[in-house]
Amino acid sequence: MSLKKSILDLRRRKEKVQKGGGDKAIEKQVAMGKLTARERIQALCDKDSFTEYDLFVEHEARDFGMDKKELHGDGVIIGTGTIYGSPVCLFAQDFTVAGGSLGLMHARKITKIMDHALKMRVPLIGINDSGGARIQEGVNSLAGYGEIFYRNTLASGVIPQISVILGPCAGGAVYSPALTDFVFVVDNISKMFITGPSVIKTVLGEDISMEDLGGARVHAETTGNAHFFARSEQECFDQIKKLITFIPWNNETKARAFPPKPPKFKGKIEDLIPSDPRQPYDIRDIIRAVVDDSDFFEIQELWAPNMVIGFGRLNGETVGFVANQPLVLAGVLDVDSSDKAARFIRFCDAFNIPIVTFEDMPGYLPGVDQEHAGVIRHGAKVLYAYSEATVPKITVILRKAYGGGYIAMNSRHLGADFMMAWPTAEIAVMGPEGAANIIFKKEIESADDPDEMRKKKVQEYKEKFANPYVAAAKGYIDAVIEPSETRKLLLHAIEVSANKGVSRPKKKHGIPPF
Ligand code: HXC
């Protein structure tokens with residue numbers, strides 16, 4: 001064949017395979033409001049940056065009529081591209097080809113790009129749109145998933161791993177995302193479940209819709225499996241691109257630094273907090289008041305909202321924020337908010353991102369529900385994650401820091417590098433009312449006017465402990481600062497800790513309270 005003919009032949013072959021499952025299946029995909037796998041890649045990567053691998057890979061299955069089926073690319077597209085100039089490896093499952101189901105060759109393509117991402121030390125992005133293990137390929141599909149999970153685990157903490165759920169994802173198609181760092185979902189499009197409605201109907205005789213079982217909102221609000229919720233695929237891709245700007249390529253580099261920008265917030269930071277310590281306020285306003293350009297990129301916004309986590313920049317450098325949210329449940333630590341904070345702290349620690357903690361909370365949430373849901377085990381994750389982290393760790397106590405909450409929220413005792421407190425901080429074993437009722441019980445009960453005595457004792461306790469000065473006198477707090485100094489001191493702390501180095505006892509790995 002002449003060169004010209006062979007080039008034409010290549011183009012013809014490419015065109016055929018790039019059609020995925022064909023016009024009818026693509027029509028069905030579009031009718032569901034979904035982009036095709038190729039459109040998704042184009043929407044995510046910088047223009048013309050995507051380079052595809054293994055376009056011509058075909059399945060080798062023979063059973064259940066598979067020998068007569070041509071599955072273009074075996075239902076998955078893999079390759080490399082860039083996002084705002086940062087290299088990424090990615091795969092996108094093509095639901096138009098056998099429901100994006102995962103057979104042996106499909107899995108081999110995914111593991112190839114995962115190996116590549118790990119070798120090149122660049123982030124991996126997986127766009128999942130798959131009915132899970134390809135039923136006709138039996139144990140080969142299960143083997144394929146196992147090999148993906150194994151690689152997800154090896155890559156964990158080495159390169160950032162991002163999963164995008166853009167279709168009905170079942171079985172293995174949700175367990176791989178669960179092993180990754182960030183999961184993105186889109187309203188009405190994303191579904192995640194281990195077993196689909198048809199299996200539930202067969203096994204349990206119950207009718208449930210895919211949406212109610214595992215729709216985007218279920219995972220963004222209830223299970224916490226999803227980290228980002230979008231209303232459209234385009235919004236989802238914009239979120240992923242933004243995330244990529246905040247995180248490094250791997251665990252041996254730092255996130256890209258941006259030109260420093262002052263916050264857009266021009267008011268007085270102390271005016272953001274009500275003068276009555278019992279009144280709530282939105283902690284995100286405080287974060288926006290200190291970060292560059294007032295740009296705070298929140299993660300898991302809809303789940304466990306009593307804890308706020310996310311990225312911002314200080315002097316152009318990425319910082320992870322962990323903050324109690326007084327607007328919700330007074331910002332208490334409970335089972336879900338503990339999990340949320342602990343995992344994020346570990347991500348920041350693995351990827352060289354300093355952590356800033358804003359504290360205003362009355363402690364762990366009491367009650368039978370929480371105790372039985374395992375608040376001891378889950379709450380311990382926060383203690384573990386902060387103690388384990390060796391990145392710069394800075395805490396600002398704004399108001400309440402009571403009991404276990406004081407210790408847990410990156411206290412000096414867990415290795416904080418800089419502890420600052422506003423003059424409004426209250427650091428005590430518990431709130432003054434509860435404390436006075438316990439330690440002055442007899443005096444209050446035997447008083448002529450118990451209410452008056454209680455008030456007096458509460459005030460006495462407040463004066464003694466509900467302030468930052470007892471902790472500051474012991475050196476547990478490094479500085480009591482004016483709120484207006486917060487950004488300046490955070491910038492300074494980040495600058496001073498740029499070369500922080502700590503050593504830990506040698507071990508294979510710790511055993512966190514999973
Ligand atoms: C083979 C599959 C498939 C699968 C879908 N298809 N899932 N083929 N193996 N797992 C095919 C369908 O036969 C159909 O082919 C096409 O994909 C589109 O599927 P539909 O059912 O028409 O689409 P929809 O109504 O949107 O339903 C999507 C779905 C449903 C909810 C994903 O297909 C479904 O329930 N699939 C099975 C899910 C599942 O139980 N997977 C196994 C999980 S076990 P045609 O040719 O008709 O277009 C697993 C093991 C790992 O993954 C566990 C790890 C711990």
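Read on for a plain summary of the structure. All values reported here derive from a predicted model rather than from experimental measurement. (Residues numbered from 1 in each chain as written. Predicted model: local features only at pLDDT ≥ 70, side-chain atom pairs only at ≥ 80, totals over all residues. Heavy atoms only, no water.)

## What about helix 11 (residues 283-290)?
Along helix 11, 6 of the 8 residues are buried, which leaves the element largely enclosed by surrounding structure. The complete set of buried residues in helix 11 reads I283, R284, I286, I287, A289 and V290. (Buried < 20%, exposed > 50% of the residue type's maximum accessible area, 1.4 Å probe, protein only. Helix = DSSP H or I, 4+ residues; strand = E, 2+ residues; numbered from the N terminus.)

## Notes on the site of the ligand
Around the ligand there are 20 residues in total, and G99, G131, A133, I135 and G172 lie nearest to it. The separation between an oxygen atom of the ligand and a polar side-chain atom of K28 is 3.4 Å. Protein chains bury 61% of the 1000 Å² of accessible surface belonging to the ligand in isolation. Of all the secondary structure elements, the ones that give two or more residues to the shell around the ligand are helix 5 (139-155), strand 6 (168-170) and helix 6 (172-178). A breakdown of the residues in the shell around the ligand according to their chemical character gives 11 nonpolar, 7 polar and 2 charged. (Near = heavy atom within 4 Å. Polar contact = N/O pair within 3.5 Å; in protein donor to acceptor, adjacent residues only side chain to side chain. Areas by Shrake-Rupley, 256 points an atom, 1.4 Å probe, with all protein chains shown as cover. Nonpolar A, V, L, I, M, F, W, Y, C, P; charged D, E, K, R; others polar.)

## Observations concerning the side chain of S176
Here S176 is to be found in helix 6. Residues contacting S176, with those up to four places away along its chain left out, are I148, F149 and N152. (Contact = heavy atoms within 4.5 Å.)

## Comments concerning the sheet that holds strand 4 (residues 124-128)
Taken together, 7 strands build an open sheet; the order of strands is 1-2-3-4-5-7-9 and the sheet is mixed. The open sheet has two free edges, formed respectively by strand 1 (51-53) and strand 9 (228-230), since each of these has just one partner strand. Along the sheet, successive strands turn relative to each other by an average axial angle of 20°, direction set aside. Alignment of strand 5 (residues 161-165) against strand 7 (residues 182-186), held across 4 bridges, turns out to be parallel. Opposite S163, over in strand 7, you have V183 as the bridge partner. Across the sheet, helix 10 (residues 233-246) lies against strand 2 (76-83), strand 3 (86-93), strand 4, strand 5, strand 7 and strand 9, angled at about 160° from strand 7, the strand it touches most. (Pairing = 2+ DSSP bridges. Axes fitted to C-alpha atoms, helices over the stretch in contact; angles between N-to-C directions.)

## What about the nonpolar core?
What tends to happen in soluble globular proteins is that the nonpolar side chains get buried as a cluster. Counting residues in hydrophobic clusters, the biggest one holds 54 residues, and the most contacted among them are I125, I240, F311 and V322. Discounting residues that sit within four places of it in the chain, I125 has contacts with L44, I83, V88, C89, L90, F91, I162, V164, I240 and I244. (Core = buried A, V, L, I, M, F, W, Y, C linked by side-chain atoms within 4.5 Å.)

## Things to note about helix 9 (residues 216-223)
For helix 9, the complete set of buried residues consists of A216, H219 and A220. All buried residues of helix 9 lie within an arc of 95° about the axis, which places them on one face of the element. Trailing helix 9 by a residue or two, G224 shows a phi angle of about 75°, which is positive. (Arc of directions from axis to C-beta.)

## Some words on the pairing of strand 3
Counting buried positions along strand 3 gives 7 out of 8 residues, so the element sits mostly inside the fold. Sheet topology places strand 2 next to strand 3; 8 bridges connect them, and they run antiparallel. Counterpart to I83 in the pairing with strand 3 is S86. Joining the antiparallel neighbours strand 2 and strand 3 is a turn of 2 residues, in which Y84 adopts a positive phi near 45°.

## Concerning the side chain of K381
In this fold, K381 is placed in helix 14 (residues 375-388). Polar side-chain contacts of K381 include one of 2.9 Å to the side chain of D339. Excluding anything up to four places from it in sequence, K381 contacts D339, A342, P513 and F514.

## Some points on the packing of aromatic side chains
In the structure shown here, the tally under the stated rule is 13 aromatic pairs. These aromatic residues form a ring-pair network of at least three members: F182, F184, F228, F246, F297, F311, F344, F347 and F351. Positioned above the aromatic ring of F246, the side-chain terminus of R313 is 4.0 Å from the ring centre. Above the plane of the ring of F440 lies K457, whose end atom (NZ or CZ) is 4.7 Å from the centre. (Phe/Tyr/Trp six-rings, centres within 6.5 Å; stacked < 30°, edge-to-face > 60°. Lys NZ or Arg CZ within 6 Å of the ring centre and 35° of its normal.)

## A short note on the pairing of strand 12 (residues 317-324)
Counting buried residues along strand 12, 7 of its 8 residues qualify, which places the element largely inside the surrounding structure. One ladder, built from 8 bridges, connects strand 11 (residues 307-314) with strand 12; its direction is antiparallel. Across the sheet, residue G312 finds its bridge partner in strand 12, namely V319. The pairing of strand 12 with strand 13 (residues 355-361) spans 4 bridges and is parallel. By the bridge assignment, A323 is partnered in strand 13 with F358. Handedness of the crossover joining strand 12 and strand 13 through helix 12 (residues 335-350): right-handed. (Right-handed = clockwise from strand over helix to strand, strands pointing away.)

## Focus on the packing of helix 4 (residues 104-120) against helix 5
Viewed as axis vectors pointing N to C, helix 4 and helix 5 meet at an angle of 10°, and their least axial separation amounts to 9 Å. In terms of orientation, helix 4 lies roughly parallel with respect to helix 5. Contact residues: L104, A107, I110, T111, M114, D115 and L118 in helix 4; N140, G144, E147, I148, R151, N152, L154 and A155 in helix 5. Here the contact of helix 4 with helix 5 is built from residues that sort into 8 nonpolar, 4 polar and 3 charged. (Parallel < 35°, antiparallel > 145°, perpendicular 65-115°, else oblique.)

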